Amino acid sequence: MTNILIFIIVISVIATLVQIVRVSELLSEIKNKDVNEVTDKDNNTQGLLFLIVGFGFLIFVVWQMITWDHLLLPPASSVHGTQIDLLMKVSMGLIIVVFFITSPMLFYFAFKYRGKKSNNAYFLSHNNKLEVVWTVIPTIILTVLIIFGLKTWDNAMNVEVTESTKLIEVYAKQYNWTARYSGLDNKLGKANYKLVKGKNTLGVDMLDINSADDKMAREVHLVVNEPVLLKFRSQDVIHSAFLPHFRVQMNCVPGITTQFGFTPNKTTAQMKESEGEDFEYVLLCNKICGASHFNMQMKFIVETQEEYDIWIASQDNLEKKLLTQK
Amino acid sequence: MSEHHKENFITKYIFSMDHKMIAKQFLLTGMFMAVVGMLMSAIFRVQLANPGETSILYNLLPSTWLNDAGGLNPDKYLALVTMHGTILVFWVLTAGLSGTFANFLIPLQIGARDMASGFLNMLSYWFFFIATVVLLSSLFVESGPASGGWTIYPPLSALPQAIPGSGTGMTLWLISITLFVVGSLLGGLNYIVTILNLRTIGMTMQRLPLTVWALLITAILGVLSFPVLLSCGLLLVFDRSFGTSFYLSDIIINGEVLHNEGGSPILFEHLFWFLGHPEVYIILLPALGIVSEVISVNSRKPIFGYKAMVGALLLIAFLSFIVWGHHMFMTGMNPFLGSVFTFTTLLIAIPSAVKVFNYLATLWRGNIRFTPAMLFAIGTVSAFITGGLTGIILGDSALDINVHDTYFVVGHFHIVMGLSAIYGMFAGVYHWFPKMYGRMMNKNLGYIHFWGTFICAYGVFFPMHFLGLAGLPRRYYSNSAFPMFDGLSDINSLITFFALAGAIVQAIFLFNFFYSIFKGTKASQNPWKSNTLEWTTPVERIHGNWPGELPVVKRWAYDYSKPGAEEDFILQTEPLKDGEIEH
Amino acid sequence: MDIALRNMVKKQLLWISLAAISMFFASMLSAFIVEKADVGNWKEFILPNYFVFSTGVIILSSLVLFFIKPQLKKDKSIFSLVFTVLILGIIFSYLQIKGWQQLTNQGIYLTGVGSNISGSFLYILTLTHLLHLVGGLVGLCISAIKSKQNLYSINNYLGLELTAIYWHFLTVLWVILFAFLKFY
Ligand code: HEM
Ligand SMILES: [Cu+2]
Ligand SMILES: [Cu+2]
């Protein structure tokens, strides 16, 4: 029924359009004018529209920046993230400035130089000096950005791994995450996908002495201001571990171990204070991986050393979990 | 070759070897696919605004794609996104754009009777056509069409066990793309050879219109990058169907332990993006070529800095082969390699900036005539500015950490590639419609179409940057699984509103287009008072383009408002006056 | 179009296609390099002797092609030359297939449980080369028939020339592939 209705509506809309266009064409034929000739009046209207709609668009952009500002991610909760935020501010500021110079210029030129039959354009085919100027200026600006960017990148990716860096494995599969703590020895036992069986969902090699004290969990607890190195593996397809609040992202690729090291510097409790009671750090999947891609998540909790010690003590280690509790 | 032979209905309209007819075939097929792709986006936008709820639009879908409550299934959401991307990137903006305008404009603007090989040209279209049929047929297989994203990363796309779409649907996708690539390569070969050899007397490379330059460089990019997609796909086919392990290693899928060891999905990404990045310029450059022509004609001014424009095109084309890694910053690549790609990527912004400034300088002190084509050309420049700037954020590997694969990227590429190119395509259609069909498109409907599109398009894609900065990943069926995204539902509804409105506005264009083919007012020979050679041909389409001798070119294409001339344009065939210097 | 221009156009079409084919193989080889550097369980292989022989055969066939033009100039029949190249091409294909047999005997497989990426690459590279070569063989067949009918002359042998260019390309491509597989 609805389909028929829609069909009728569509047909009548088309018929109306045909009529409107026909009528306008006939009218101008009577007046002995070509409907499709662009007149000075058209140029005035369209030029003005560029001014109005163009600047309307710019205002819309400003409006968005103001109204939706509170929806954006809060400042980074990690040490390297703070630097990324700074770089982001600088780059954003720069492109916003350029945007608000060039776009108005475009719209304004369209308006200002709208044509008139009696006018003539100014013949100008090139000007080497100008062209050099607007090649050199972007080059200089970009050079600065590149240098700043590469420094930040270097800083984020080449983390120093020391004795005190906590090792945690994050294991991805369709459609959930599992974490494995390295235990007292701070060493992750070997793992192999062929060993995945029953409770041993990560394929940990229990013959490796480093495995016995490892701990498995469905959430990740981190100690504030303690560096941590996340190691990523995937069981099936590519996933991507995305921790937007920490400015951390890394793909999880089957057959390859990837990693990302960072130092969280705000506890969940602190964030709840500033962002509201509901706040949680969360790990999302950010590489299309199937039907439940949109719901592949794990909670991250940043806490003080004491809280962490209590929590970790409450977790069984793998030796107990896999070998003794049958 | 093809000058003398009788035409009947079949050779004239179906298996035509005439470049103008083939161009129209590409255009109509491209438009059809654009409608299909747009409807898909309307459907998934509705899902994003009202997750899980049913909608009248879903009547367009097979009922197996819906759940009992009438909502869209998550895996079919991904199928829609994937097909939408594939169709728009390859079918509409590659074949629809290059196929139409390369075929139509190259012979006409360089003064040739036809393409170098009409036969290859015809083959090129028919490969494309069969590819289209295969792609569309994949919508109707039981397990659904390919659903792993248009970038089809393995292992997701390699393993039918991973998602239903990776079964028959993916096989058809690969067959279709292979046919598509073959068609594109045949076309590209032909364009290059035609431009290099069949230019008429006097049409030196320095006098080529920028459209032809852009199409030439596009064709070269295609010929060098599409074969890489073939090898990339071939290895994927072997992995999928014959049990090799190029892209696969250490996988358990659906409880099944696979034997594959040693392969690397990252290898696929390298090969894919080695094509993929040049591909985005294959899409963009023809649009920029069209825009250069349209802006110059309608500003009644020479394009500013012709040489710099060509230089920028060449530089962009060259750089586009060494930046592909910027799509892979987060794959765990060596950080040093990431640095190199950041460097090369940001370099591209320089020639891009030069192009923008040259467009602005062309408008400056012009005598602008706002034809619908001109409106769209200015729209392209606007989109190119807006989207190019966000590229500077994405190209910075350190910043990409937090925006990679979020809606920020979606906003970026839809504006810089989607909008720039589709506006360029519209500009081309409005501008050359009189040459294609001998009639004019209705001006006022064109105005409405432009402003509707311009407003809705920014309404759709600009807010996406904010979604991305709020951390929202792309390709999510619904944002309701994460409380942190609850605040974003207003933005999503707004985007969907504009998306639907924008889709409706396109109906005006479709109407105008088909109405004008049959009923539009008759066009004169040179309605825009343009300099280029295509406007010296008769209004009626004839095989061989010019009735008598080929025109002889005496000057460049951009002598608009030249001091001392009687009119504000001088045809390229007009000899230089005594003492007149060429620009 | 006049004939000279048409010939030029056809030749250019071929050259540009060769550029495209080269990109295909270049990407394949870079994939090979990357995987070899990255993969832990990369299994080294020894190239079968047959491939050495086939390399000799295809180089020989290319050399034979060089005698055609002088022969045409002297207005002599070139059928035997073209036919020789065709036969050498078939022998080359036969040797490639023997080479694969030798590989499977060594336990190097294209696919399946016992396969390794190194082997898979080896097969795919040689297989795709052979597929391209089949096109060359078809061209040679046609040229052979035409030369049997004496349709070529020094002023008119474009088809043959195109086939020859393509064939030389296949030779060079094979030599590169061979050197690469053998020494890299
Ligand atoms: C100033 C120049 C530009 C720069 C620096 C730039 C940079 C980037 C970067 C770094 C990405 C990857 C983002 C990510 O996945 O995290 C990207 C994505 C993309 N860019 Fe650009 N871009 C520029 C211009 C363009 C142009 C001109 C086009 C097309 C005509 C384009 C089309 C795309 C597309 C299609 C994607 C997304 C591919 C996907 O993941 O599906 N970009 N761009
Ligand atoms: Cu996932
Ligand atoms: Cu790119």
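Predicted, not measured: the structure shown is a model, and the values here were computed from it.

Calculation notes
- Sequence order sets the numbering: in each chain, residues are counted from 1 along the sequence as written.
- Chains and ligands are labelled by the order in which they are written, letters from A for the one and numbers from 1 for the other.
- Selection of residues for local features in this predicted model requires a pLDDT of at least 70, selection of side-chain atom pairs for listing and counting requires 80 or more, and totals for whole chains, interfaces and linings are taken over all residues.
- Based on all heavy atoms of the structure, the side-chain values leave hydrogens and waters out of the count.
- Here a strand is any run of E in DSSP of at least two residues, a helix any run of H or I of at least four, and the numbering for each starts at the N terminus.
- Any residue under 20% of the maximum accessible area for its type is buried, any over 50% is exposed, and the rest in between are partly exposed; the area is computed with a 1.4 Å probe on protein chains only.
- Surface accessibility in these figures is a Shrake-Rupley result with a 1.4 Å probe; residues are shielded only by whichever protein chains are displayed.
- Positive charges come from Lys and Arg, negative ones from Asp and Glu, while His and the chain ends are left out of the count.
- To locate a charge, the coordinates of NZ of Lys, CZ of Arg, CG of Asp or CD of Glu are taken.
- In this setup the radius of gyration rests on C-alpha atoms only. A globule is expected at 2.2 Å times the number of residues raised to 0.38.
- In this analysis, two residues are considered to be in contact whenever any of their non-hydrogen atoms come within 4.5 Å of each other.
- Note on definitions. A residue lies near a molecule or strand when any single heavy atom of the residue is within 4 Å of it.
- The definition of a polar contact used here is a pair of N or O atoms within 3.5 Å, where within protein one atom must be able to donate a hydrogen and the other to accept one, and adjacent residues in sequence count solely through side-chain atom pairs.
- Charged residues are taken to be Asp, Glu, Lys and Arg, nonpolar residues to be Ala, Val, Leu, Ile, Met, Phe, Trp, Tyr, Cys and Pro, and polar residues to be all remaining types, Gly included.
- What counts as an axis is a line fitted to C-alpha atoms, over the stretch in contact for a helix, and the angles between N-to-C directions run from 0 to 180 degrees.
- The scheme is simple: roughly parallel for angles under 35 degrees, roughly antiparallel for over 145, roughly perpendicular for 65 to 115, oblique for anything else.
- Crossings are sorted by hand: turned counterclockwise from the far helix by less than a right angle, the near helix makes the crossing left-handed, and turned clockwise it makes it right-handed.
- Counted as donors are the N, O and S atoms within 2.8 Å of the metal, or 3.2 Å for Na, K and Ca, while water is not among the atoms, so some sites may look incomplete.
- Accessible surface is computed with a 1.4 Å probe, and the buried area is the amount of it that two parts give up when combined, taken over both parts together.
- Each salt bridge in this description consists of a side-chain nitrogen of Lys or Arg and a carboxyl oxygen of Asp or Glu lying within 4 Å of one another.
- Two rings from Phe, Tyr or Trp (for Trp, the six-membered ring) form a pair when their centres sit within 6.5 Å of each other. Planes less than 30 degrees apart are called stacked, planes more than 60 degrees apart edge-to-face, and all others tilted.

(A) Broad picture of the overall build of chain C. For chain C, the count of helices and strands is six helices and zero strands. Starting at the N terminus and walking to the C terminus, you meet the elements of chain C as α-α-α-α-α-α. In terms of its C-alpha atoms, chain C occupies a principal-axis envelope of roughly 60 × 30 × 25 Å. The burial tally for chain C puts 49% of its 184 residues in the buried class. Accessible surface, chain C: about 8,800 Å² in total, of which carbon and sulfur atoms supply 68%. Charge centroids of chain C, computed over 13 positive and 6 negative side chains, lie 12 Å from each other.

(B) Quick peek at the overall build of chain B. Scanning chain B for helices and strands turns up 14 helices and two strands. Rg of the C-alpha trace for chain B: 24 Å, near the compact-globule value of 25 Å for 583 residues, within the 12% margin. Its C-alpha atoms put chain B at 80 × 50 × 50 Å along the principal axes. Burial analysis of chain B (583 residues in total) assigns 74% to the buried set. Taking the contacts inside chain B whose residues are at least 6 apart along the sequence as the reference set, 78% of them involve residues at least 24 apart. Approximately 16,400 Å² of chain B is accessible, and the part contributed by carbon and sulfur atoms is 67%.

(C) Focus on the site of ligand 1. Residue and element names in this part refer to chain B. Residues in contact with ligand 1 amount to 21 residues; listed here are only the nearest, W150, D400, H404, H412 and R474. Here W150 contributes a side-chain N or O atom positioned 3.0 Å from an oxygen atom of ligand 1. H404 is positioned such that a nitrogen or oxygen atom in its side chain is 2.6 Å from an oxygen atom of ligand 1. Of all the secondary-structure elements, those providing two or more residues to the shell around ligand 1 are α7 (265-299), α10 (372-395) and α12 (407-437). If one sorts the elements of the shell around ligand 1 by residue count, α12 sits on top with five residues. Taken together, the residues of the shell around ligand 1 sort by class into 10 nonpolar, eight polar and three charged.

(D) Here's a closer look at the packing of helix α5 (residues 168-197) of chain B against helix α1 (residues 3-38) of chain C. Direction vectors running N to C along α5 of chain B and α1 of chain C enclose 140°, while the axes themselves pass 10 Å from each other. Considering their axes alone, α5 of chain B and α1 of chain C lie oblique with respect to each other. Both α5 of chain B and α1 of chain C take part in a crossing whose hand is right-handed. When α5 of chain B is examined against α1 of chain C, the residues L189, N190, I192, V193, L196 and N197 of chain B are found in contact with a partner set consisting of L5, M8, V9, Q12, L13, I16 and S17 of chain C. Looking at side-chain class alone, the contact of α5 of chain B with α1 of chain C contains nine nonpolar, four polar and no charged residues.

(E) Representation of unusual backbone geometry. With an omega of -10°, the peptide bond running from Q174 of chain A to Y175 of chain A counts as cis. Relative to the elements of secondary structure, Y175 of chain A occurs in the loop between β1 (166-173) and β2 (176-181). A cis amide bond links P154 of chain B with the next residue in sequence, P155 of chain B, at an omega value of 0°. Relative to the elements of secondary structure, P155 of chain B occurs in the loop between α4 (118-137) and α5. With phi around 65°, N225 of chain A is a residue other than glycine that occupies positive phi space. With phi around 55°, R300 of chain B is a residue other than glycine that occupies positive phi space. Along the polypeptide, R300 of chain B turns up in the loop between α7 and α8 (306-319). Note on R300 of chain B: relative accessible area 3%, which makes it buried.

(F) Structural detail: the coordination of the iron atom of ligand 1. Residues and elements named next belong to chain B. Just one protein ligand coordinates the iron atom of ligand 1, and it is H412 (NE2) at 2.2 Å. Here the iron atom of ligand 1 and the copper ion (ligand 3) are spaced 4.7 Å apart. With respect to the element layout, H412 can be found in helix α12.

(G) Region of the structure containing the packing of helix α2 (residues 19-49) of chain B against α12 of chain B. All names here are of chain B. Interhelical geometry of α2 versus α12 gives an angle of 145° and a closest axis separation of 13 Å. Considering the relative orientation of α2 and α12, their crossing is left-handed. Two secondary-structure elements touch here, α2 through K24, L27, R45 and L48 and α12 through Y407, M425, V429, M436 and Y437. For the contact of α2 with α12, the class distribution of residues is seven nonpolar, no polar and two charged.

(H) Looking closely at the interface of chain A and chain B. Taken together, the contacts link 115 residues of chain A with 131 residues of chain B. Here chain A and chain B share an interface that buries about 10,600 Å² over both sides, 72% of which is from carbon and sulfur atoms. Taken together, chain A and chain B are joined by three salt bridges. A salt bridge links D42 of chain A to K443 of chain B; the nearest nitrogen and oxygen atoms lie 2.5 Å apart. Residue composition of the side of chain A that touches chain B, grouped by class: 68 nonpolar, 35 polar and 12 charged.

(I) Local environment of the interface of chain B and chain C. With 33 residues of chain B at the interface, the matching set in chain C holds 29 residues. Contact between chain B and chain C buries roughly 2,700 Å² in total, counting both sides, with carbon and sulfur atoms accounting for 77%. Inspection of the chain B/chain C interface yields zero salt bridges. Counting across the chain B and chain C interface gives three residue pairs in polar contact (both at pLDDT 80 or more). Of all the secondary-structure elements, those providing two or more residues to the side of chain B that touches chain C are α5, α6 (210-241) and α7 of chain B. At nine residues, the largest contribution of residues to the side of chain B that touches chain C is made by α6 of chain B.

(J) Structural detail: the coordination of the copper ion (ligand 3). Residue and element names in this part refer to chain B. Distances from the copper ion (ligand 3) to its protein donors, namely H277 (ND1), H326 (NE2) and H327 (NE2), fall within the range 1.8 to 2.1 Å. Counting along the primary sequence, the residues that act as donors to the copper ion (ligand 3) give the motif H-x48-H-H. The class of H326 is buried, set by a relative accessible area of 13%.

(K) Fine view of the packing of aromatic side chains. Enumeration according to the criterion identifies 85 aromatic pairs over all chains in this entry. Ring plane angle 10° and centroid distance 3.8 Å describe the contact between F57 of chain A and Y458 of chain B, whose orientation is recorded as stacked. Here F57 of chain A, found in helix α2 (residues 40-67), pairs with Y458 of chain B, found in helix α13 (residues 443-469), and the two come from separate chains. Take Y458 of chain B: its relative accessible area is 2%, and that puts it in the buried class.

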